[in-house]
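One-letter residues, chain by chain:
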Amino acid sequence: MTKDWSPRTKSVHSGTRRSQYGEMSEAIFLTQGFVYDSPEQAEARFIESGPEEFIYARYGNPTVRMFEDRIAAIEGTEDAFATASGMAAVSGALTSMLKAGDHVVSAKALFGSCLYILEDVLTRYGVEVTFVDGTDLAAWKAAVRDDTKAVFLESVSNPTLEVIDVKGVAEIAHAKGALVVVDNVFATPAFSKAAELGADVIVYSATKHIDGQGRCLGGVICGTKEFIRKTAEPYLKHTGGALSPFNAWVMLKGLETLHLRCNAQAESALFIAEALEGHNKLDRTLYPYLNSHPQQSVAKEQMGAGGTVISLDIQGGKDAAFRFLNALGIILISNNLGDSKSIVTHPATTTHQRLSDEKRAELGITDGLVRISIGLEDKSDLLADIRTALDAV
Ligand SMILES: Cc1ncc(COP(=O)(O)O)c(C=O)c1O
(Lines give C-alpha, C1' and ligand atoms only; values in the text may rest on other atoms or scores of the structure.)
Protein backbone atom coordinates (compact mmCIF):
# COMPACT_ATOMS: atom_id res chain seq x y z
CA MET A 1 0.00 0.00 0.00
CA THR A 2 2.76 2.47 0.89
CA LYS A 3 4.15 1.94 -2.63
CA ASP A 4 1.06 3.64 -4.09
CA TRP A 5 1.44 6.74 -1.95
CA SER A 6 2.70 9.88 -3.62
CA PRO A 7 6.16 11.12 -2.53
CA ARG A 8 4.50 13.85 -0.46
CA THR A 9 2.60 11.32 1.63
CA LYS A 10 5.68 9.13 1.90
CA SER A 11 7.71 12.09 3.16
CA VAL A 12 5.35 12.32 6.14
CA HIS A 13 4.69 8.66 6.94
CA SER A 14 7.09 6.18 5.32
CA GLY A 15 9.54 4.34 7.52
CA THR A 16 7.89 5.24 10.83
CA ARG A 17 8.59 2.69 13.59
CA ARG A 18 6.55 3.15 16.73
CA SER A 19 7.69 1.91 20.10
CA GLN A 20 5.36 0.23 22.62
CA TYR A 21 4.19 3.74 23.66
CA GLY A 22 2.62 4.54 20.31
CA GLU A 23 4.24 7.99 20.11
CA MET A 24 3.00 10.37 17.37
CA SER A 25 6.35 11.96 16.59
CA GLU A 26 9.25 9.66 15.75
CA ALA A 27 11.33 8.74 18.82
CA ILE A 28 15.01 9.65 19.07
CA PHE A 29 16.83 6.49 20.10
CA LEU A 30 19.87 8.32 21.42
CA THR A 31 21.86 5.19 22.14
CA GLN A 32 25.10 3.87 20.72
CA GLY A 33 24.54 0.31 21.87
CA PHE A 34 21.84 -2.32 22.38
CA VAL A 35 21.52 -4.86 25.21
CA TYR A 36 21.28 -8.58 24.56
CA ASP A 37 19.36 -11.09 26.69
CA SER A 38 22.20 -13.61 26.43
CA PRO A 39 25.57 -14.21 24.77
CA GLU A 40 23.79 -16.59 22.43
CA GLN A 41 21.53 -13.76 21.28
CA ALA A 42 24.53 -11.43 20.79
CA GLU A 43 26.34 -14.10 18.77
CA ALA A 44 23.29 -14.72 16.60
CA ARG A 45 22.79 -11.01 15.98
CA PHE A 46 26.39 -10.55 14.87
CA ILE A 47 25.91 -13.41 12.38
CA GLU A 48 22.71 -11.92 10.99
CA SER A 49 20.53 -9.10 12.34
CA GLY A 50 16.81 -9.04 11.61
CA PRO A 51 15.08 -5.82 10.51
CA GLU A 52 14.15 -4.93 14.11
CA GLU A 53 17.54 -5.88 15.55
CA PHE A 54 20.46 -3.50 16.07
CA ILE A 55 24.03 -3.97 17.27
CA TYR A 56 25.78 -0.62 17.46
CA ALA A 57 24.89 2.85 16.18
CA ARG A 58 27.83 2.90 13.75
CA TYR A 59 26.10 -0.08 12.06
CA GLY A 60 22.53 1.15 12.41
CA ASN A 61 20.00 2.62 14.84
CA PRO A 62 16.18 2.66 14.86
CA THR A 63 15.91 6.46 14.33
CA VAL A 64 18.53 6.36 11.58
CA ARG A 65 16.73 3.40 9.99
CA MET A 66 13.45 5.37 9.94
CA PHE A 67 15.24 8.12 8.01
CA GLU A 68 16.82 5.60 5.61
CA ASP A 69 13.49 3.86 4.95
CA ARG A 70 11.67 7.16 4.45
CA ILE A 71 14.15 8.65 1.98
CA ALA A 72 14.35 5.35 0.04
CA ALA A 73 10.54 5.37 -0.24
CA ILE A 74 10.51 8.96 -1.54
CA GLU A 75 13.39 8.37 -3.94
CA GLY A 76 11.94 5.10 -5.22
CA THR A 77 14.95 2.95 -4.42
CA GLU A 78 14.96 -0.34 -2.52
CA ASP A 79 17.16 0.87 0.31
CA ALA A 80 19.36 3.66 1.66
CA PHE A 81 22.30 4.15 4.04
CA ALA A 82 22.54 7.37 6.06
CA THR A 83 25.89 9.09 6.55
CA ALA A 84 27.42 11.80 8.72
CA SER A 85 27.51 14.35 5.88
CA GLY A 86 26.96 14.68 2.16
CA MET A 87 30.66 14.19 1.55
CA ALA A 88 30.64 10.96 3.61
CA ALA A 89 27.88 9.82 1.23
CA VAL A 90 29.79 10.82 -1.94
CA SER A 91 33.11 9.35 -0.79
CA GLY A 92 31.44 6.28 0.76
CA ALA A 93 29.44 5.47 -2.37
CA LEU A 94 32.51 5.73 -4.60
CA THR A 95 35.23 4.21 -2.41
CA SER A 96 33.03 1.29 -1.34
CA MET A 97 32.58 0.19 -4.97
CA LEU A 98 36.01 0.98 -6.47
CA LYS A 99 39.45 -0.57 -6.29
CA ALA A 100 42.88 0.16 -7.79
CA GLY A 101 42.87 -0.27 -11.55
CA ASP A 102 39.20 0.65 -12.00
CA HIS A 103 38.16 3.35 -14.45
CA VAL A 104 35.63 6.10 -13.68
CA VAL A 105 34.19 8.79 -15.95
CA SER A 106 33.03 11.98 -14.24
CA ALA A 107 31.46 15.26 -15.24
CA LYS A 108 34.02 18.00 -14.69
CA ALA A 109 31.63 20.63 -13.30
CA LEU A 110 31.51 19.54 -9.65
CA PHE A 111 31.32 20.96 -6.15
CA GLY A 112 34.91 21.53 -4.89
CA SER A 113 34.88 18.65 -2.37
CA CYS A 114 33.40 16.21 -4.91
CA LEU A 115 36.16 17.22 -7.31
CA TYR A 116 38.72 16.57 -4.55
CA ILE A 117 37.41 13.00 -4.10
CA LEU A 118 37.52 12.27 -7.83
CA GLU A 119 40.69 14.14 -8.71
CA ASP A 120 42.89 13.64 -5.63
CA VAL A 121 41.61 10.78 -3.45
CA LEU A 122 40.53 8.11 -5.94
CA THR A 123 43.53 8.65 -8.19
CA ARG A 124 45.86 8.34 -5.14
CA TYR A 125 44.49 4.82 -4.67
CA GLY A 126 45.05 3.84 -8.30
CA VAL A 127 41.63 4.59 -9.80
CA GLU A 128 41.80 6.16 -13.24
CA VAL A 129 39.38 9.08 -13.68
CA THR A 130 38.43 10.69 -17.00
CA PHE A 131 36.65 14.06 -16.83
CA VAL A 132 34.18 15.12 -19.50
CA ASP A 133 31.86 18.01 -20.27
CA GLY A 134 28.81 16.57 -18.52
CA THR A 135 26.32 18.24 -20.85
CA ASP A 136 27.86 16.59 -23.95
CA LEU A 137 26.53 13.04 -24.46
CA ALA A 138 29.05 12.45 -27.26
CA ALA A 139 31.85 13.15 -24.76
CA TRP A 140 30.41 10.58 -22.32
CA LYS A 141 30.14 8.05 -25.15
CA ALA A 142 33.75 8.60 -26.16
CA ALA A 143 35.02 8.33 -22.58
CA VAL A 144 33.07 5.32 -21.23
CA ARG A 145 35.03 2.12 -21.91
CA ASP A 146 34.41 -1.61 -21.59
CA ASP A 147 36.28 -1.54 -18.27
CA THR A 148 34.55 1.58 -16.87
CA LYS A 149 33.21 0.69 -13.45
CA ALA A 150 31.21 3.83 -12.66
CA VAL A 151 30.20 7.26 -13.91
CA PHE A 152 29.69 10.19 -11.56
CA LEU A 153 27.82 13.45 -12.03
CA GLU A 154 25.94 16.19 -10.26
CA SER A 155 22.56 16.21 -12.03
CA VAL A 156 22.58 20.00 -11.66
CA SER A 157 26.10 21.29 -11.19
CA ASN A 158 27.29 23.54 -8.38
CA PRO A 159 27.45 26.55 -8.94
CA THR A 160 26.90 27.03 -12.69
CA LEU A 161 23.66 25.00 -12.76
CA GLU A 162 24.49 22.87 -15.81
CA VAL A 163 21.83 20.20 -16.14
CA ILE A 164 23.05 16.75 -17.12
CA ASP A 165 20.85 14.35 -19.07
CA VAL A 166 20.79 11.51 -16.52
CA LYS A 167 18.82 9.18 -18.81
CA GLY A 168 21.21 9.74 -21.73
CA VAL A 169 24.30 9.18 -19.57
CA ALA A 170 22.71 6.10 -17.96
CA GLU A 171 22.06 4.51 -21.37
CA ILE A 172 25.71 5.04 -22.35
CA ALA A 173 27.04 3.76 -19.00
CA HIS A 174 24.71 0.76 -18.80
CA ALA A 175 25.68 -0.35 -22.32
CA LYS A 176 29.18 -0.94 -20.88
CA GLY A 177 27.99 -2.29 -17.53
CA ALA A 178 29.05 0.80 -15.53
CA LEU A 179 27.13 2.00 -12.47
CA VAL A 180 25.60 5.50 -12.58
CA VAL A 181 26.25 7.51 -9.42
CA VAL A 182 24.32 10.79 -9.21
CA ASP A 183 24.85 13.57 -6.67
CA ASN A 184 21.32 14.91 -6.73
CA VAL A 185 21.59 17.75 -4.21
CA PHE A 186 20.43 20.56 -6.48
CA ALA A 187 17.54 18.50 -7.90
CA THR A 188 16.40 17.80 -4.30
CA PRO A 189 14.47 14.60 -3.38
CA ALA A 190 11.28 16.64 -3.91
CA PHE A 191 11.91 17.01 -7.66
CA SER A 192 14.03 13.93 -8.28
CA LYS A 193 13.27 11.34 -10.93
CA ALA A 194 16.82 9.99 -10.84
CA ALA A 195 15.96 6.34 -10.14
CA GLU A 196 13.37 6.33 -12.93
CA LEU A 197 15.92 7.88 -15.30
CA GLY A 198 18.43 5.10 -14.67
CA ALA A 199 20.63 6.28 -11.79
CA ASP A 200 21.86 3.25 -9.82
CA VAL A 201 23.17 5.13 -6.81
CA ILE A 202 21.72 8.49 -5.74
CA VAL A 203 23.53 10.59 -3.18
CA TYR A 204 22.27 13.54 -1.15
CA SER A 205 23.79 15.99 1.24
CA ALA A 206 20.91 16.00 3.75
CA THR A 207 22.53 19.15 5.17
CA LYS A 208 20.82 20.99 2.32
CA HIS A 209 17.07 20.75 1.57
CA ILE A 210 16.36 17.67 3.73
CA ASP A 211 17.20 19.47 6.95
CA GLY A 212 16.43 22.73 5.19
CA GLN A 213 16.75 24.83 8.31
CA GLY A 214 20.50 25.06 8.79
CA ARG A 215 20.85 22.78 11.83
CA CYS A 216 22.62 19.50 11.13
CA LEU A 217 25.08 17.83 8.79
CA GLY A 218 23.95 14.61 7.18
CA GLY A 219 23.95 12.58 4.01
CA VAL A 220 22.40 9.54 2.43
CA ILE A 221 23.16 6.98 -0.28
CA CYS A 222 20.13 5.47 -2.04
CA GLY A 223 20.28 2.33 -4.20
CA THR A 224 19.36 -1.31 -4.54
CA LYS A 225 19.29 -3.53 -1.45
CA GLU A 226 22.24 -5.41 -2.94
CA PHE A 227 24.37 -2.25 -3.34
CA ILE A 228 23.39 -0.66 -0.03
CA ARG A 229 23.70 -3.70 2.22
CA LYS A 230 26.48 -5.64 0.41
CA THR A 231 28.72 -2.80 -0.86
CA ALA A 232 28.03 0.51 0.91
CA GLU A 233 27.11 -0.69 4.41
CA PRO A 234 30.14 -2.95 5.07
CA TYR A 235 32.46 -0.11 4.03
CA LEU A 236 30.64 2.63 5.93
CA LYS A 237 30.00 0.71 9.11
CA HIS A 238 33.68 -0.16 9.45
CA THR A 239 35.10 3.20 8.34
CA GLY A 240 32.84 5.24 10.62
CA GLY A 241 30.76 7.60 8.54
CA ALA A 242 27.46 6.89 10.36
CA LEU A 243 24.76 9.52 10.88
CA SER A 244 24.00 10.41 14.49
CA PRO A 245 20.50 9.39 15.69
CA PHE A 246 19.78 12.96 16.75
CA ASN A 247 20.65 14.28 13.28
CA ALA A 248 18.56 11.49 11.71
CA TRP A 249 15.58 12.69 13.76
CA VAL A 250 16.12 16.27 12.54
CA MET A 251 16.25 14.95 8.97
CA LEU A 252 13.04 12.95 9.47
CA LYS A 253 11.28 16.08 10.66
CA GLY A 254 12.79 17.95 7.70
CA LEU A 255 11.40 15.39 5.25
CA GLU A 256 7.87 16.02 6.54
CA THR A 257 7.99 19.57 5.11
CA LEU A 258 10.40 18.91 2.23
CA HIS A 259 7.86 19.17 -0.57
CA LEU A 260 6.18 22.27 0.81
CA ARG A 261 9.48 24.05 1.29
CA CYS A 262 11.09 23.02 -2.00
CA ASN A 263 8.00 23.91 -4.04
CA ALA A 264 7.73 27.33 -2.41
CA GLN A 265 11.47 28.00 -2.79
CA ALA A 266 11.52 26.86 -6.44
CA GLU A 267 8.49 29.02 -7.27
CA SER A 268 10.27 32.06 -5.81
CA ALA A 269 13.54 31.14 -7.57
CA LEU A 270 11.80 31.05 -10.96
CA PHE A 271 9.99 34.34 -10.25
CA ILE A 272 13.27 36.05 -9.28
CA ALA A 273 15.31 34.57 -12.15
CA GLU A 274 12.70 35.65 -14.71
CA ALA A 275 12.53 39.15 -13.23
CA LEU A 276 16.31 39.57 -13.27
CA GLU A 277 17.02 38.16 -16.72
CA GLY A 278 18.46 40.87 -18.95
CA HIS A 279 19.27 43.22 -16.02
CA ASN A 280 21.87 45.74 -17.20
CA LYS A 281 24.34 44.86 -14.38
CA LEU A 282 24.28 41.13 -15.20
CA ASP A 283 26.22 39.17 -17.82
CA ARG A 284 24.26 35.98 -17.15
CA THR A 285 21.23 34.87 -15.15
CA LEU A 286 21.40 31.12 -14.63
CA TYR A 287 18.39 29.02 -13.63
CA PRO A 288 17.47 25.63 -15.14
CA TYR A 289 13.86 26.56 -15.98
CA LEU A 290 14.69 29.84 -17.78
CA ASN A 291 14.00 29.82 -21.52
CA SER A 292 17.59 30.98 -22.04
CA HIS A 293 19.09 28.01 -20.14
CA PRO A 294 20.85 25.70 -22.63
CA GLN A 295 19.50 22.56 -20.94
CA GLN A 296 16.02 23.87 -20.12
CA SER A 297 14.28 20.98 -21.92
CA VAL A 298 16.37 18.37 -20.06
CA ALA A 299 15.60 20.14 -16.79
CA LYS A 300 11.87 20.13 -17.54
CA GLU A 301 11.97 16.45 -18.39
CA GLN A 302 13.94 15.26 -15.40
CA MET A 303 12.99 17.67 -12.61
CA GLY A 304 9.54 18.62 -11.42
CA ALA A 305 10.80 22.23 -10.99
CA GLY A 306 13.92 24.25 -11.64
CA GLY A 307 15.32 23.92 -8.13
CA THR A 308 15.91 26.46 -5.41
CA VAL A 309 19.20 28.01 -6.54
CA ILE A 310 19.92 30.77 -9.06
CA SER A 311 23.34 32.05 -10.12
CA LEU A 312 24.05 35.58 -11.32
CA ASP A 313 27.13 36.68 -13.21
CA ILE A 314 27.65 40.31 -12.18
CA GLN A 315 29.55 42.61 -14.51
CA GLY A 316 32.75 43.98 -12.99
CA GLY A 317 34.31 40.86 -11.46
CA LYS A 318 35.14 40.32 -7.78
CA ASP A 319 34.82 43.98 -6.73
CA ALA A 320 31.33 44.20 -8.16
CA ALA A 321 30.33 40.83 -6.66
CA PHE A 322 31.60 41.84 -3.20
CA ARG A 323 29.82 45.19 -3.43
CA PHE A 324 26.64 43.29 -4.27
CA LEU A 325 27.08 40.91 -1.31
CA ASN A 326 27.80 43.77 1.08
CA ALA A 327 24.67 45.63 -0.03
CA LEU A 328 22.23 42.77 0.57
CA GLY A 329 19.91 43.24 3.54
CA ILE A 330 17.91 40.01 3.77
CA ILE A 331 20.02 37.46 1.93
CA LEU A 332 22.80 36.20 4.18
CA ILE A 333 26.41 35.61 3.17
CA SER A 334 27.17 31.94 3.84
CA ASN A 335 27.99 28.80 1.88
CA ASN A 336 25.16 26.37 2.52
CA LEU A 337 22.13 26.05 0.26
CA GLY A 338 18.60 24.67 0.44
CA ASP A 339 17.94 26.56 3.68
CA SER A 340 14.72 28.36 4.59
CA LYS A 341 16.89 31.48 4.91
CA SER A 342 18.17 32.84 1.59
CA ILE A 343 21.93 32.56 1.26
CA VAL A 344 24.42 34.15 -1.12
CA THR A 345 27.82 32.63 -1.91
CA HIS A 346 30.77 33.90 -3.95
CA PRO A 347 32.09 30.54 -5.23
CA ALA A 348 35.39 31.83 -6.67
CA THR A 349 36.63 32.92 -3.23
CA THR A 350 34.93 30.23 -1.08
CA THR A 351 33.56 26.86 -2.23
CA HIS A 352 35.69 26.79 -5.39
CA GLN A 353 38.69 28.80 -4.09
CA ARG A 354 40.91 25.68 -4.18
CA LEU A 355 40.68 25.48 -7.99
CA SER A 356 43.23 27.18 -10.24
CA ASP A 357 42.20 30.31 -12.16
CA GLU A 358 42.30 28.28 -15.39
CA LYS A 359 40.07 25.54 -13.97
CA ARG A 360 37.54 28.06 -12.67
CA ALA A 361 37.53 29.78 -16.07
CA GLU A 362 36.98 26.42 -17.79
CA LEU A 363 34.02 25.72 -15.51
CA GLY A 364 32.48 29.17 -16.02
CA ILE A 365 33.07 30.21 -12.40
CA THR A 366 33.90 33.84 -13.08
CA ASP A 367 34.93 36.36 -10.43
CA GLY A 368 31.55 38.04 -10.86
CA LEU A 369 29.50 34.85 -10.30
CA VAL A 370 27.30 34.70 -7.21
CA ARG A 371 25.14 31.74 -6.20
CA ILE A 372 21.88 32.52 -4.42
CA SER A 373 19.95 29.83 -2.59
CA ILE A 374 16.39 31.09 -2.45
CA GLY A 375 14.70 30.57 0.90
CA LEU A 376 11.21 30.86 2.29
CA GLU A 377 11.03 34.64 2.63
CA ASP A 378 8.52 36.62 0.54
CA LYS A 379 9.69 36.49 -3.09
CA SER A 380 9.01 40.20 -3.69
CA ASP A 381 11.13 41.13 -0.66
CA LEU A 382 13.97 38.97 -2.01
CA LEU A 383 13.72 40.47 -5.49
CA ALA A 384 13.76 43.98 -4.02
CA ASP A 385 16.81 43.06 -1.90
CA ILE A 386 18.68 41.79 -4.99
CA ARG A 387 17.65 44.81 -7.10
CA THR A 388 18.78 47.26 -4.41
CA ALA A 389 22.12 45.45 -4.09
CA LEU A 390 22.58 45.49 -7.87
CA ASP A 391 21.96 49.24 -7.81
CA ALA A 392 24.90 49.50 -5.38
CA VAL A 393 27.23 47.78 -7.85
C1 LIG B 1 26.62 19.08 -4.86
C2 LIG B 1 27.08 18.88 -3.46
N3 LIG B 1 27.47 17.64 -3.08
C4 LIG B 1 27.91 17.40 -1.82
C5 LIG B 1 27.97 18.40 -0.88
C6 LIG B 1 28.53 18.09 0.48
O7 LIG B 1 27.59 18.03 1.48
P8 LIG B 1 27.99 18.16 3.03
O9 LIG B 1 28.38 19.57 3.28
O10 LIG B 1 26.75 17.74 3.75
O11 LIG B 1 29.13 17.21 3.29
C12 LIG B 1 27.58 19.72 -1.24
C13 LIG B 1 27.63 20.87 -0.31
O14 LIG B 1 28.31 21.03 0.64
C15 LIG B 1 27.12 19.94 -2.56
O16 LIG B 1 26.73 21.17 -2.95
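This text follows the structure it describes.
Here the structure is a predicted model, which is why all the values come from computation and not from measurement.

Caption draft 1: Region of the structure containing the pairing of strand 5 (residues 179–183). Within strand 5, four of the five residues are buried, leaving the element largely enclosed by the surrounding structure. Note that strand 4 (residues 148–154) and strand 5 share five bridges and pair parallel. Its bridge partner lying in strand 5, Glu154 is registered against Asp183. Each parallel crossover has a hand, and for strand 4 linked through helix 7 (residues 166–175) to strand 5 it is right-handed. Across three bridges, strand 5 lies against strand 6 (residues 201–205) in parallel orientation. Across the sheet, residue Val182 finds its bridge partner in strand 6, namely Ile202.

Caption draft 2: Here's a closer look at the site of the ligand. Not every one of the 14 residues close to the ligand is listed here, only the nearest: Gly86, Asp183, Ser205, Thr207 and Lys208. The separation between an oxygen atom of the ligand and a polar main-chain atom of Gly86 is 2.8 Å. Protein burial of the ligand: of its 390 Å² of free accessible surface, 90% is covered by the chains.

Caption draft 3: The arrangement of the sheet that holds strand 6 in detail. Pairing is mixed in the open sheet, where seven strands are placed in the order 1-7-6-5-4-2-3. The open sheet has two edge strands with one neighbour each: strand 1 (79–83) and strand 3 (128–132). Neighbour-to-neighbour, the strand axes of this sheet turn through a mean angle of 20 degrees, independent of strand direction. Packing against the sheet, helix 5 (residues 112–124) makes contact with strand 2 (103–107), strand 3, strand 4 and strand 5, and its axis sits at approximately 145 degrees to strand 3.

Caption draft 4: Summary view of helix 4 (residues 86–97). When the terminal C-alpha atoms of helix 4 are compared, their 17 Å separation across twelve residues agrees well with the 16 Å that a helix rising 1.5 Å per residue should span. Burial runs high along helix 4: nine of the twelve residues are buried. All of the buried residues in helix 4 are Gly86, Ala88, Ala89, Val90, Gly92, Ala93, Leu94, Ser96 and Met97. For helix 4, the side-chain oxygen to backbone nitrogen distance between the N-cap and Met87 is 3.3 Å, and the N-cap itself is Ser85.

Caption draft 5: Focus on the packing of aromatic side chains. Taken as a whole, this structure holds three aromatic pairs when the rule is applied. A ring pair is formed by Phe246 and Trp249, whose centres lie 6.0 Å apart and whose planes are at 35 degrees; its orientation type is tilted. Note that Phe246 and Trp249 are positioned in helix 11 (residues 245–256) at a spacing of three residues, about one turn of the helix. The class of Phe246 is partly exposed, set by a relative accessible area of 37%. Above the plane of the ring of Phe271 lies Lys379, whose end atom (NZ or CZ) is 4.8 Å from the centre.

What counts, and where the lines are drawn
Residues numbered from 1 in each chain as written. Predicted model: local features only at pLDDT ≥ 70, side-chain atom pairs only at ≥ 80, totals over all residues. Heavy atoms only, no water. Buried < 20%, exposed > 50% of the residue type's maximum accessible area, 1.4 Å probe, protein only. Helix = DSSP H or I, 4+ residues; strand = E, 2+ residues; numbered from the N terminus. Pairing = 2+ DSSP bridges. Right-handed = clockwise from strand over helix to strand, strands pointing away. Near = heavy atom within 4 Å. Polar contact = N/O pair within 3.5 Å; in protein donor to acceptor, adjacent residues only side chain to side chain. Areas by Shrake-Rupley, 256 points an atom, 1.4 Å probe, with all protein chains shown as cover. Axes fitted to C-alpha atoms, helices over the stretch in contact; angles between N-to-C directions. Contact = heavy atoms within 4.5 Å. Expected span 1.5 Å × (residues − 1). Phe/Tyr/Trp six-rings, centres within 6.5 Å; stacked < 30°, edge-to-face > 60°. Lys NZ or Arg CZ within 6 Å of the ring centre and 35° of its normal.

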